[in-house]
Amino acid sequence: CFFISEDGRVVGTLTLQDIVRIPQAKWPFTLARQVMRPINQAAGIHPDSDLQAALQQLETTDAAQLPVIEQNELVGMLSRERVIRYLQTRAELGI
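In this numbering scheme, every chain counts its residues from 1 along its sequence in written order. Only residues with pLDDT of 70 or above have their local features reported here, since the model is predicted, and side-chain atom pairs are shown and tallied only from 80 upward, although totals for entire chains, interfaces and linings are computed over all residues. Hydrogens and water molecules were not included; the side-chain quantities draw on all heavy atoms of the structure.

Now for the overall build of the protein chain. Numbered from the N terminus, helices here are DSSP runs of H or I no shorter than four residues, and strands are runs of E no shorter than two. Along the backbone of the protein chain there are 4 helices and 5 strands. Beginning at the N terminus, the succession of helices and strands in the protein chain can be written as β-β-α-α-β-α-β-β-α. Overall size of the protein chain, expressed as C-alpha extent along the three principal axes, is 55 × 30 × 20 Å. Here's how the labels work: a residue is buried when its accessible area is under 20% of the maximum for its type, exposed when over 50%, partly exposed in between, all with a 1.4 Å probe on protein chains only. Residue burial in the protein chain is summarised as follows: out of 95 residues, 24% are buried. Contacts are assigned to residue pairs that have any heavy atoms within 4.5 Å of one another. Across the protein chain, contacts joining residues at least 24 apart in sequence account for 39% of those joining residues at least 6 apart. Working definition of accessibility: Shrake-Rupley area with a 1.4 Å probe, residue cover restricted to the visible protein chains. Split by element, the accessible area of the protein chain, about 6800 Å² in all, is 51% carbon and sulfur. All tallies of charge rest on Lys and Arg as positive and Asp and Glu as negative; His and the ends of each chain are not included. Every charge is mapped onto a representative atom, which is NZ of Lys, CZ of Arg, CG of Asp or CD of Glu. The protein chain carries 9 positive and 11 negative side-chain charges, and their two centres are separated by 6 Å.

Below, the structure is given as structure tokens:
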């Protein structure tokens, strides 16, 4: 997932799935703004959500990363790999 910023603020996200929908011949003439998902429409999760919900959303959207969004502002990023690793570690420790 790539973040598109303007004047220091994240205004949208762009995934590889978004990019491959554009014919390669049009890539030199296509602006990120034209294919990005506005941050308020991006698949994301709230900072107070639990990791099981995050993992479920990652699975549902078949995404490798999930933006953490609060009040239409990007505050972090979760990766599938790190969420799974964290949950495995907790399970191994019996927490």
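Further notes follow.
This part covers the sheet that holds strand β3 (residues 37–38). Read across the sheet, 3 strands follow the order β1-β2-β3 without closing on themselves; strand pairing throughout is antiparallel. The sheet is open, and its two edges are formed by β1 (2–6) and β3, each paired on a single side. Of the strand pairs in this sheet, strand β2 (residues 9–14) and β3 are connected by 2 bridges, and their pairing is antiparallel. Bridge pairing in β3 links T13 to R37. Pairs of strands are assigned from DSSP output, requiring at least two bridges between the strands.

On to the confidence of the model for the protein chain. Confidence scores here are pLDDT values: one per residue, from the predictor, ranging 0 to 100. Across the protein chain, the average pLDDT comes to 86, with 100% of residues at or above 70. The weakest mean pLDDT in the protein chain belongs to β2 at 84; the strongest belongs to helix α2 (residues 32–35) at 91.

Helix axes use the C-alpha atoms of the stretch in contact, all axes being lines fitted to C-alpha atoms, and the angles between their N-to-C directions lie in the range 0 to 180 degrees. It is at 10 Å that the axes of helix α3 (residues 51–61) and helix α4 (residues 80–93) come closest, and there the two elements cross at 140°. Considering their axes alone, α3 and α4 lie oblique with respect to each other. Crossing of α3 over α4 shows left-handed handedness. Within the contact between the two elements, α3 uses L51, Q52, L55, L58 and E59 and α4 uses R80, V83, I84, Y86 and L87. Note on residue classes: Ala, Val, Leu, Ile, Met, Phe, Trp, Tyr, Cys and Pro are nonpolar, Asp, Glu, Lys and Arg are charged, and everything else, Gly too, is polar. Considered class by class, the residues forming the contact of α3 with α4 number 7 nonpolar, 1 polar and 2 charged. For classification purposes, an angle smaller than 35 degrees is called roughly parallel, one larger than 145 roughly antiparallel, one from 65 to 115 roughly perpendicular, and anything else oblique. Note on convention: the crossing is left-handed when the near helix lies turned anticlockwise from the far helix by less than a right angle, right-handed when the turn is clockwise.

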